[in-house]
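What the coordinates show
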2 protein chains.
Amino acid sequence: MNEKLRIGMIGMGCRGREVMKTVLGIDGVSISFICDLYDDRTEAARAEIEKRQGFSPRVTDDWHTMTDREELDAVLVTCSWEPHIEMAVAFMEAGIPVGVEVGGAYSVEDCFLLVRTFERTKTPVMLLENCCYGRYELMVKNMVDLGLFGEIVHCEGGYRHDLRREITFGRENRHYRLRNYLARCCENYPTHELGPISQILHINRGNRMVSLVSMASKAKGLHDYIGRTDDADRSLLNRDFAQGDVVTTIIKCANGETVTLTLDTTLPRAYSRQFTVQGTRGMYSEENNSIYLDRDHTEDMHFSWKKQWNNAEKYRERYEHPIWREFLADGLRGGHGGMDHLVYSDFLRCVREGLPMPIDAYDMASLMCISALSEQSIATGSMPVAIPDFTSGKWISRT
Amino acid sequence: MNEKLRIGMIGMGCRGREVMKTVLGIDGVSISFICDLYDDRTEAARAEIEKRQGFSPRVTDDWHTMTDREELDAVLVTCSWEPHIEMAVAFMEAGIPVGVEVGGAYSVEDCFLLVRTFERTKTPVMLLENCCYGRYELMVKNMVDLGLFGEIVHCEGGYRHDLRREITFGRENRHYRLRNYLARCCENYPTHELGPISQILHINRGNRMVSLVSMASKAKGLHDYIGRTDDADRSLLNRDFAQGDVVTTIIKCANGETVTLTLDTTLPRAYSRQFTVQGTRGMYSEENNSIYLDRDHTEDMHFSWKKQWNNAEKYRERYEHPIWREFLADGLRGGHGGMDHLVYSDFLRCVREGLPMPIDAYDMASLMCISALSEQSIATGSMPVAIPDFTSGKWISRT
């Protein structure tokens, strides 16, 4: 294939516009079809795409018109969370490779539908989890792969991001987060932290997640914020938010590891994905960007936590992941500090070369199902919930 | 009472010797009776006490001989975990005020026995949780009490302390931790973090803990360590450790707050109690000693986590807790950076003045029961477990 890949995009809101810019910065790609429910979004995107690539994409407000495989080489789903799986299934049925932005599933059955459709159609599908390409996530994975942390026993991660303004903004609020926070209580955004952790724990490749429990705190952050914030939508003070401010989830894996996830998006804080990896010989903690290795351990570090803060940088020259070494040499580009460029390039490379997707249908199902299962656990008083084996046993020997 | 308080001590091992030194530094106190199963311990302690206070304490290896209230004004229990409640009950029955070092309970029934005995005998009893007197714990409590964090929604804490050497040490190992790690799997040491959090959440004084779930990782840290450590007991390689390396517990409170606890004592790491308090207007995190307040928030702090590291020190002059202000003015003394002096002084002051204990029988029961309940939850596949109301409803109006 020497011709440019013709890309369709669904969802030209905040995330869609960001992805559009990243994709326009990747060689061998054109955006030939875009979709959004709002005309102002499609027009703004269309104009920018035309300016950047020299011709205008087709425009629609009905994504069902985009399923002609003669017209599109791949579709990117960058819209609200709810239809992600429905769209992925439809494009797989149409034979068009599909990349899907992150979000959680609303039911386990949807996740099985995703997997069964992939198995039947063989159409490539990928969860576009940019954090699997994060710089420190990959450095830590590199160190884990080299055995520096010993056997991995426990990981932690979080989506700890103050979204109060985004959720409650007072002028026209089209954000899908608002309706989700009003209606649902669950770990609604597990994949940023769980994606990289899954790769470190070889989930669906010799390991799998077997059960979880979730618990939610009360929901107080948004009302308190709205009541004292001028540009927040005061009418929301008459509504109850279903989503607890902090949702904690603990996952058990087949090989005995535990993983804790924390969703923490409606209280004041600085951003953190709380990425933590602990093994029998070493650990990493994002909270103070530190690495602790038995090999390099000194007694004074044992009780002098602060001496370790930011010491991960001392390991960077030696253990930077090859993907990032190359990326930095080529020149950092794309959104979210470069992660977006890496994940979209990788998806498009696999589409072009017909390679298996690095975050495939099985991974997508097992990552996305956490939202639906955490909702079940919370709804039943933190009962433990079994996590399905979406691979039907193939995880035992998959590599 | 102008005379010195006559103190008995049970358990003259590592912690007992440390407590002995702290107590000998408190005015108006003499140690008049000591007990340990091992002669070498009692003799070493006896000699040091004689040197410091000018006369020798009585010595026994049978703590039951210490229950004469004419002879002792208070007893301190600083021995292994298992008999803590049995001893507390016996001394309450004997009418001798008793302070008990930290540890978890082995059954909920033991916790009820403790409470019922206190209610019947009215003999003062206190859990000697030094971390309730920790400097940053108290500063944060002070800020919470002043309303700076808004309504508290979520707290986290941990006992994250690499104890591999202590547990597996190869020469004669008398440490109760070894047998407990071989036999039990639970949140075996919850009170260092949960004590201060309970005070912030007003547990047993308008709030209570209502349920929990716990999950344990596999147990890999100790074997890996023993296999490559010269002075570890290699015979332990033939034994299975029941205690998972990391145990995560999530607690729900009556007023809707969640609390997560992490026990993490058999993997390489630097020490942390992971003290974290999140409210609708601000938060504190021990992991990087930072405070984030809506009031002081600037946009660049939102995504520049590192800019916040250690900024809690900027709040210290204004918000240092009065207890610590006075303590520092008087001169820091006693073990564990001064916390030991504060907790033992407070216990002995309340004994002398006949005041209610600051960490009383109800607090002791609700803190200690977490170990027994987490064991139940883990044993049943992380089932949610109800936490008893040890106050029989008095928590609703207690202050």
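Being a predicted model, the structure only gives us computed values, none of them experimental. (Residues numbered from 1 in each chain as written. Chains lettered and ligands numbered in written order. Predicted model: local features only at pLDDT ≥ 70, side-chain atom pairs only at ≥ 80, totals over all residues. Heavy atoms only, no water.)

Brief notes about unusual backbone geometry
All names here are of chain B. Phi is positive for His 202, close to 55°, though the residue is something other than glycine. Structurally, His 202 is set in the loop between α8 (191-200) and β8 (209-216). Looking at His 202, the relative accessible area reads 41%, which means it is partly exposed. Phi angles above zero are rare outside glycine, and Ser 382 is one such case at about 65°. The topology assignment puts Ser 382 in the loop between α14 (361-379) and β14 (385-386). What makes Ser 382 buried here is its relative accessible area of 5%. (Helix = DSSP H or I, 4+ residues; strand = E, 2+ residues; numbered from the N terminus. Buried < 20%, exposed > 50% of the residue type's maximum accessible area, 1.4 Å probe, protein only.)

Quick notes on the relation of the copies chain B and chain A
For the pair chain B and chain A, the superposition axis carries a translation of 0.0 Å, the fit reaches an RMSD of 0.0 Å, and the rotation angle comes to 180°. Such a turn and shift between the copies fits a two-fold axis. The fraction of interface residues of chain B whose copies in chain A are also interface residues reaches 100%, indicating that both copies meet through the same surface. (Least-squares fit on C-alpha atoms with pLDDT ≥ 70 in both. Contact = heavy atoms within 4.5 Å.)

Points about the interface of chain B and chain A
Of the residues lining the interface, 63 residues belong to chain B; the matching set on chain A comes to 63 residues. At the boundary of chain B with chain A, total buried surface from both sides reaches about 5200 Å², with 59% on carbon and sulfur atoms. Joining chain B to chain A, the criterion identifies twelve salt bridges. The shortest N-O distance in the salt bridge between B:Glu156 and A:Arg160 comes to 2.8 Å. (Buried area = accessible area lost by both parts, 1.4 Å probe. Salt bridge = Lys/Arg side-chain N within 4 Å of Asp/Glu carboxyl O.)

A word on the sheet that holds strand β6 (residues 125-127) of chain B
Pairing between the strands of a sheet comes from backbone hydrogen bonds, and it takes one of two forms, parallel or antiparallel. Residues and elements named next belong to chain B. One open sheet accounts for six strands, arranged β3-β2-β1-β4-β5-β6; its pairing is parallel. The sheet is open, and its two edges are formed by β3 (58-60) and β6, each paired on a single side. Averaged over all adjacent pairs, the angle separating strand axes in this sheet is 20°, with direction ignored. Strands in contact with helix α1 (residues 14-24) are β1 (5-10), β2 (29-35) and β4 (74-77); relative to β2, the strand with the most contacts, it is inclined by about 160°. Set on the sheet, helix α13 (residues 339-353) makes contact with β1, β2, β4, β5 (98-100) and β6; between it and β4 the angle comes to about 155°. (Pairing = 2+ DSSP bridges. Axes fitted to C-alpha atoms, helices over the stretch in contact; angles between N-to-C directions.)

Quick word on the domain arrangement of chain A
All names here are of chain A. Structurally, chain A comprises domain 1 (5-129) and domain 2 (132-321 + 360-396). Using C-alpha coordinates to define each centre, domain 1 is positioned 26 Å away from domain 2. Facing 29 residues of domain 1, the contacting portion of domain 2 comprises 32 residues. Carbon and sulfur atoms supply 65% of the area buried between domain 1 and domain 2, which totals about 2700 Å² over both sides. Broken down residue by residue, the surface that domain 1 buries against domain 2 is led by Trp 81, Leu 127 and Glu 129, which jointly contribute 27%. Inspection of the region where domain 1 meets domain 2 yields three salt bridges. For Arg 174, the salt bridge is made with Asp 40, and the minimal N-O distance between the two is 3.1 Å. Taken together, the connections running from domain 1 to domain 2 amount to 14 residue pairs in polar contact (both at pLDDT 80 or more). Sorting the residues of the side of domain 1 that touches domain 2 by element identifies α2 (39-53), α3 (84-93), α4 (108-121) and β6 (125-127) as the ones contributing at least two each. For the side of domain 1 that touches domain 2, the element with the most residues is α4, which contributes eight residues. Of the residues in the side of domain 1 that touches domain 2, the class split is 18 nonpolar, five polar and six charged. (Domains from an automatic or database assignment. Polar contact = N/O pair within 3.5 Å; in protein donor to acceptor, adjacent residues only side chain to side chain. Nonpolar A, V, L, I, M, F, W, Y, C, P; charged D, E, K, R; others polar.)

Here's the deal with the packing of aromatic side chains
All names here are of chain A. According to the stated counting rule, one finds 24 aromatic pairs over all chains in the structure shown. Centre to centre, the rings of Phe 275 and Tyr 284 are 5.9 Å apart; their planes meet at 50°, and the pair counts as tilted. Judged by its relative accessible area of 2%, Phe 275 is buried. On the basis of relative accessible area, Tyr 284 is assigned to the buried category, the value being 0%. (Phe/Tyr/Trp six-rings, centres within 6.5 Å; stacked < 30°, edge-to-face > 60°.)

Here's the deal with the pattern of salt bridges
Overall, the coordinates contain 76 salt bridges over all chains when judged by the stated rule. For B:Lys141, the salt bridge is made with B:Asp145, and the minimal N-O distance between the two is 2.9 Å. Here the residue B:Lys141 and the residue B:Asp145 both occupy positions in helix α5 (residues 135-145), the gap between them amounting to four residues, near one helical turn. Judged by relative accessible area, which is 17%, B:Lys141 ranks as buried. Taken together, the shared-partner salt bridges connect A:Asp162, A:Arg164, A:Asp224, A:Arg228, B:Arg281 and B:Asp294 into one network.

A short note on the pairing of β1(B)
Residue and element names in this part refer to chain B. Along β1, five of the six residues are buried, which leaves the element largely enclosed by surrounding structure. Where β1 and β2 come together, six bridges link them in parallel fashion. Counterpart to Met 9 in the pairing with β2 is Ile 34. Between β1 and its parallel partner β2, the chain crosses via α1, and the hand of that crossover is right-handed. Taken together, the four bridges between β1 and β4 define a ladder with parallel strand orientation. (Right-handed = clockwise from strand over helix to strand, strands pointing away.)

Remarks on the sheet that holds strand β9 (residues 246-253) of chain B
Residues and elements named next belong to chain B. Spatial strand order, β13-β12-β11-β7-β10-β9-β8-β14: eight strands in an open sheet with mixed pairing. A single partner strand is all that each edge strand has here, and the edge strands are β13 (290-293) and β14. Relative to strand β10 (residues 258-264), strand β7 (residues 152-160) runs parallel, the two being bridged by seven bridges. Bridging across to β10, Tyr 159 finds its partner in Leu 263. With respect to the sheet, α8 is in contact with β7, β8, β9, β10 and β11 (276-279), its orientation differing from that of β7 by roughly 160°.

Observations regarding α4(A)
Because each turn of an α-helix spans 3.6 residues, side chains separated by three or four positions end up pointing in the same direction. Residues and elements named next belong to chain A. Along its 14 residues, α4 runs 20 Å from first to last C-alpha, staying within 8% of the 20 Å computed at 1.5 Å per residue. Considered for burial, the residues of α4 that qualify are Val 108, Cys 111, Leu 114, Val 115, Thr 117 and Phe 118. On its buried face, α4 is in contact with α3, β6 and α14 (361-379). The N-cap of α4, judged by a side-chain oxygen 3.4 Å from the amide nitrogen of Glu 109 a few residues on, is Ser 107. Backbone geometry just downstream of α4 places Lys 122 in the positive-phi region, at approximately 60°. (Expected span 1.5 Å × (residues − 1).)

Re the side chain of A:Glu286
Looking at the element boundaries, A:Glu286 is found in the loop between β12 (282-285) and β13 (290-293). Buried charge without a salt bridge: A:Glu286, with A:Arg273 as the nearest opposite-charge side chain at an N-O distance of 5.2 Å. Among residues more than four places away in sequence, those in contact with A:Glu286 are A:Tyr136, A:Ser272, A:Arg273, A:Gln274, A:Phe275 and B:Trp305. (Lys, Arg positive; Asp, Glu negative; His and termini not counted.)

Brief notes about α14(B)
All names here are of chain B. A rise of 1.5 Å per residue sets the reference length of α14, with its 19 residues, at 27 Å; its end C-alpha atoms lie 27 Å apart and thus fit the reference within 8%. Bending of α14 peaks at approximately 30° at the position of Ile 370. Taken across its 19 residues, α14 has 16 buried, putting it largely inside the fold. By the N-cap criterion, in which a side-chain oxygen at the helix start approaches the backbone nitrogen of a residue two or three places on, α14 is capped by Asp 360, the distance to Tyr 362 being 3.1 Å. Positive phi shows up at Gly 381, right after α14, with a value of about 70°. (Bend = angle between axes of the 7 residues up to and from the residue.)

A short note on the pairing of strand β11 (residues 276-279) of chain A
All names here are of chain A. Neither face of β11 is left uncovered, since the one carrying Thr 276 and Gln 278 and the one carrying Val 277 and Gly 279 both have all their residues buried. Bridging between strand β7 (residues 152-160) and β11 involves four bridges; their strand directions are antiparallel. Within the sheet, the bridge partner assigned to Glu 156 lies in β11 and is Thr 276. Alignment of β11 against β12, held across three bridges, turns out to be antiparallel. Bridge pairing in β12 places Gln 278 opposite Met 283. What sits between the antiparallel neighbours β11 and β12 is a turn of two residues.

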